[in-house]
Structure formats: C-alpha cells, structure tokens
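# Descriptive structure summary
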Amino acid sequence: RLVIALAIQRPRRPGTYMPLTAASKRRAIKVALLGLVGLTIATYALSVETQMHEPGYEAACDIGAGFSCTAVFSSEYAHPLSHWGLVKQGDALDIGLAVAGMALYSAYFVAACLWRLNLVPYRQPLFLAVATAGACFSCYLLYVLKFILGDFCIVCTGFHCVNFSMFAVALFEFFDSGTSGKGGKRA
C-alpha cells in the first residue's frame, strides 16, 4: 500500500504555497523541536568526542561500568563509514556519529522551518524515507550497544528517542497528506 501511495502521489509545483492543515502545522513544530533536541544532543556528543582523550576528563554521561558514553564514542562503531570499510580510517569522510547527527538534525530543523513553502516535491515521502533510515540505523546501533559492546549510553539513547519520534511524526505526516484536514477520506 505504501508503494502504491508513493507512486500515485502528485507533487505540487516547487516553490508554490501549499496550505497546511492544522495537524501538519503542529507536526512541523514537532519536527523543528525534535531537530533542536537532536542537535543539542549531537553537540554534546561532539564535545565529549573531542575531549575524551584529554587527561583527567570525565564526561557527565559516564555513569559507571557498563554505562559509559566515552566507551561507546571511542569504539570503532562510532565511525561507521570506516568501520564498514567504505572510507579509510581518519579520512575526511570518516565522520563520527556526532557530526552525522548534527547534519541530520540541522537538516530536520531547516526542513521544518521551510515546511509550508513546499520547495521540495514529494516532501512527505522524502521525510518518511529519511526518518525510516534514521530509525533503522538506530535499531542497528541499539543492537551494537546491547550485543556487541555490552554497554549503555545515555547520549545514544537520546539520539534513538529523537529518531523514533521523528519516524512516528513522519508516518503521521505521510498518511495524513492525502486528507482534506477535516477528517475526510484519503485520496
């Protein structure tokens, strides 16, 4: 059903104003707020990543044995592109999870601010695709945390909560995009 909905949904002309339903306006605010929360968490994660090798530094997210964000951030899984062999370790494209999170959550925030301008055709399916990728990547990272590293990271948990919340908002936005906004039937 999702594939059929993606195939028949017609985009509006880019740059044209598209009146939003009240629900879609509320979702845009939620996306902006989730983007800011995610950006805040990612900024803290980058701060920890840059300082964790300094002598005497103790991150606030290091709660105890088995509850250490620095253990997670210093693992090879913190740089997935080099871990997967897509780029060499230390390469300019070998970005960490914090930098990737900052880019993703900044993009969510900007997209939410530009939501009603309808500059991108297929905004709802694109939003759903990105949020789905984020949720799937969170599932992968949760598996790595639990079964490979055997650690718990409160900062990572914040990322996952934002990603799963964003996925839920994207689902509501996608499936509401075909309604009249007054409880009408989907087109």
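Residues numbered from 1 in each chain as written. Predicted model: local features only at pLDDT ≥ 70, side-chain atom pairs only at ≥ 80, totals over all residues. Heavy atoms only, no water.

### Examining the nonpolar core
Let me state the cut-off plainly: The definition of a nonpolar core used throughout is a set of buried Ala, Val, Leu, Ile, Met, Phe, Trp, Tyr and Cys residues joined through side-chain atoms within 4.5 Å. Think of it in three bands: with a 1.4 Å probe and only protein chains considered, a residue is buried below 20% of the maximum accessible area for its type, exposed above 50%, and partly exposed in between. A run of DSSP states H or I qualifies as a helix once it reaches four residues; a run of E qualifies as a strand once it reaches two. Both are numbered from the N-terminal end. Whether two residues are in contact is decided by their heavy atoms, any of which lying within 4.5 Å being enough.
Of all hydrophobic cores here, the largest spans 33 residues; its most connected members are Val31, Cys69, Phe73, Phe127, Cys153 and Val155. If you list the elements that add at least two residues to this core, you get helix 2 (22-51), helix 3 (69-73), helix 5 (97-113), helix 6 (123-149) and helix 7 (154-176). Apart from residues lying up to four places away in sequence, Cys69 is in contact with Val48, Ala59, Cys61, Asp62, Cys153 and Val155.

### Here's the deal with the pattern of salt bridges
Defined as follows: Salt bridges, as used here, are contacts in which a Lys or Arg side-chain nitrogen is within 4 Å of a carboxyl oxygen on Asp or Glu.
This structure, assessed with the given rule, holds 3 salt bridges. In this structure, Asp176 engages Arg27 in a salt bridge whose closest nitrogen and oxygen atoms are separated by 2.6 Å. Linking Asp176 in helix 7 with Arg27 in helix 2, this pair joins segments that are 149 residues apart in sequence. Each member of the pair, Asp176 as well as Arg27, is classed as buried. In this structure, Glu173 and Arg123 form a salt bridge, with 3.2 Å as the shortest nitrogen-oxygen distance. Residue Glu173 is located in helix 7, and its partner Arg123 is located in helix 6; the two are separated by 50 residues in the primary sequence. Judged by its relative accessible area of 2%, Glu173 falls in the buried class. We classify Arg123 as buried; its relative accessible area is 13%. One continuous salt-bridge network, built from bridges that share partners, spans Arg27, Arg123, Glu173 and Asp176.

### Describing helix 6
Stated precisely, the cut-off is as follows: One less than the number of residues in a helix, times 1.5 Å, gives the span that helix is expected to have.
Taking 1.5 Å as the rise per residue, helix 6 with 27 residues should run 39 Å; its terminal C-alpha atoms sit 37 Å apart, in good agreement. Turning to helix 6, its buried residues are Arg123, Gln124, Pro125, Phe127, Leu128, Ala131, Gly134, Ala135, Ser138, Leu141, Val144 and Leu145. Gly150 occupies a position one or two residues after helix 6 and carries a positive phi of about 60°.

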